Amino acid sequence: MSWDDFTDKFSRVGEGFGKFAKRLIGSENEREIRRLTPIIQEVSDLESWAQGLDRDQVQAEVTALRQMVRDGKATLDDVLTKMFALTREASQRTLGMRHYDVQLVGGYVLHQGKIAEMMTGEGKTLMATLALALNALADRPCYLVTVNDYL
């Protein structure tokens, strides 16, 4: 067996193991989504709570979350699920648009300072409002920039 035959056979075995391992433990994105599933579920569980609040109560909740972050009693990660639920409800009330679970994942990814890639029409701008609203609680400037004229 020549060296080229050996390396070719070895690389095919490696590919097979890689495919097996990927099926067993999932891709990096699949593992990240599995890790975020409980957070997304918690936001969904808070949806009926947020729907039951009137406008003044929503504003009071946001003010309370901002104060907790400002006073150091909570981090942005601590208040993420409540703020995402409140943002989802505010969007539904004002725009008639409800954030889908995939947008909640994207909002969390943006909050982490990572890039969230989505296809055209999947609601990137709406998704960005989640991270924007959350990070605005820290009283730091937050900007949402889009290149689309129609947005």
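Look up: the structure comes first, before these words.
Draft legend 1. Highlighting the overall build of the protein chain. Counting secondary structure elements, the protein chain contains seven helices and zero strands. Along the protein chain, helices (α) and strands (β) appear in the sequence α-α-α-α-α-α-α when read from the amino end. Classification of the 151 residues of the protein chain by burial places 30% in the buried group. A separation threshold of at least 6 residues defines the contact pool for the protein chain, and within that pool the share at least 24 residues apart is 60%. Total accessible area on the protein chain stands at roughly 10400 Å², and carbon and sulfur atoms take up 56% of it.

Draft legend 2. Highlighting helix H7 (residues 124-136). Spanning 13 residues, H7 covers 18 Å between terminal C-alpha atoms, matching the ideal 18 Å at 1.5 Å per step. Turning to H7, its buried residues are Leu126, Met127, Ala128, Leu130, Ala131, Leu134 and Asn135.

Draft legend 3. Representation of the packing of helix H6 (residues 101-111) against H7 within the structure. For the pair H6 and H7, interaxial distance at closest approach is 8 Å and the crossing angle is 45°. In terms of orientation, H6 lies oblique with respect to H7. Relative to H7, H6 is oriented so that their crossing is right-handed. Between H6 and H7, the residues in contact are Gln103, Leu104, Gly106, Gly107, Leu110 and His111 and Leu126, Met127, Ala128, Leu130, Ala131, Leu134 and Asn135, respectively. When grouped by side-chain class, the residues that make up the contact of H6 with H7 number eight nonpolar, five polar and no charged.

Draft legend 4. Region of the structure containing the packing of helix H2 (residues 28-45) against H6. Running from N to C, H2 and H6 cross one another at 115°; their axes reach a closest spacing of 10 Å. Of the possible angle classes, the one that applies to H2 and H6 is roughly perpendicular. Viewed along their axes, H2 and H6 form a crossing whose handedness is right-handed. For the pair formed by H2 and H6, the contact residues are Ile33, Arg35, Leu36, Ile39, Ile40, Val43 and Ser44 on the first element and Asp101, Leu104, Val105 and Tyr108 on the second. Among the residues making up the contact of H2 with H6, the classes are represented as eight nonpolar, one polar and two charged.

Draft legend 5. How the structure looks around the nonpolar core. Of all hydrophobic cores here, the largest spans 29 residues; its most connected members are Val79, Phe84, Leu86, Leu134 and Leu137. Taken together, the elements giving at least two residues each to this core come down to H2, helix H4 (55-70), helix H5 (76-95), H6 and H7. By residue number, the principal contributor to this core is H5, which donates seven residues.

Draft legend 6. Up close: the pattern of salt bridges. A full pass over the atoms with the stated rule returns six salt bridges. Between Glu47 and Arg98 there is a salt bridge, with the nearest N and O atoms lying 2.7 Å from each other. Of this pair, Glu47 sits in helix H3 (residues 47-51) while Arg98 is found in the loop between H5 and H6, placing the two residues 51 residues apart along the sequence. The class of Glu47 is buried, set by a relative accessible area of 16%. For Arg98, a relative accessible area of 32% corresponds to the partly exposed category.

Draft legend 7. Layout of H4. Here H4 is 16 residues long and its end C-alpha atoms lie 23 Å apart, about the 22 Å a rise of 1.5 Å per residue gives. All buried positions along H4 are accounted for by Val58, Val62, Leu65 and Val69. On an axial view of H4, the arc spanned by its buried residues comes to 60°, and they lie on one face. Check the buried side of H4 and you find it contacts H5. Two or three places before Asp56, at the start of H4, stands the capping residue Asp54, its side-chain oxygen 3.1 Å from that residue's backbone nitrogen. Looking one or two residues beyond H4, the residue adopting positive phi is Gly72, at roughly 80°.

What counts, and at which threshold
- Residues numbered from 1 in each chain as written.
- Predicted model: local features only at pLDDT ≥ 70, side-chain atom pairs only at ≥ 80, totals over all residues.
- Heavy atoms only, no water.
- Helix = DSSP H or I, 4+ residues; strand = E, 2+ residues; numbered from the N terminus.
- Buried < 20%, exposed > 50% of the residue type's maximum accessible area, 1.4 Å probe, protein only.
- Contact = heavy atoms within 4.5 Å.
- Areas by Shrake-Rupley, 256 points an atom, 1.4 Å probe, with all protein chains shown as cover.
- Expected span 1.5 Å × (residues − 1).
- Axes fitted to C-alpha atoms, helices over the stretch in contact; angles between N-to-C directions.
- Parallel < 35°, antiparallel > 145°, perpendicular 65-115°, else oblique.
- Left-handed = near helix turned anticlockwise from the far one by under 90°.
- Nonpolar A, V, L, I, M, F, W, Y, C, P; charged D, E, K, R; others polar.
- Core = buried A, V, L, I, M, F, W, Y, C linked by side-chain atoms within 4.5 Å.
- Salt bridge = Lys/Arg side-chain N within 4 Å of Asp/Glu carboxyl O.
- Arc of directions from axis to C-beta.
- Polar contact = N/O pair within 3.5 Å; in protein donor to acceptor, adjacent residues only side chain to side chain.

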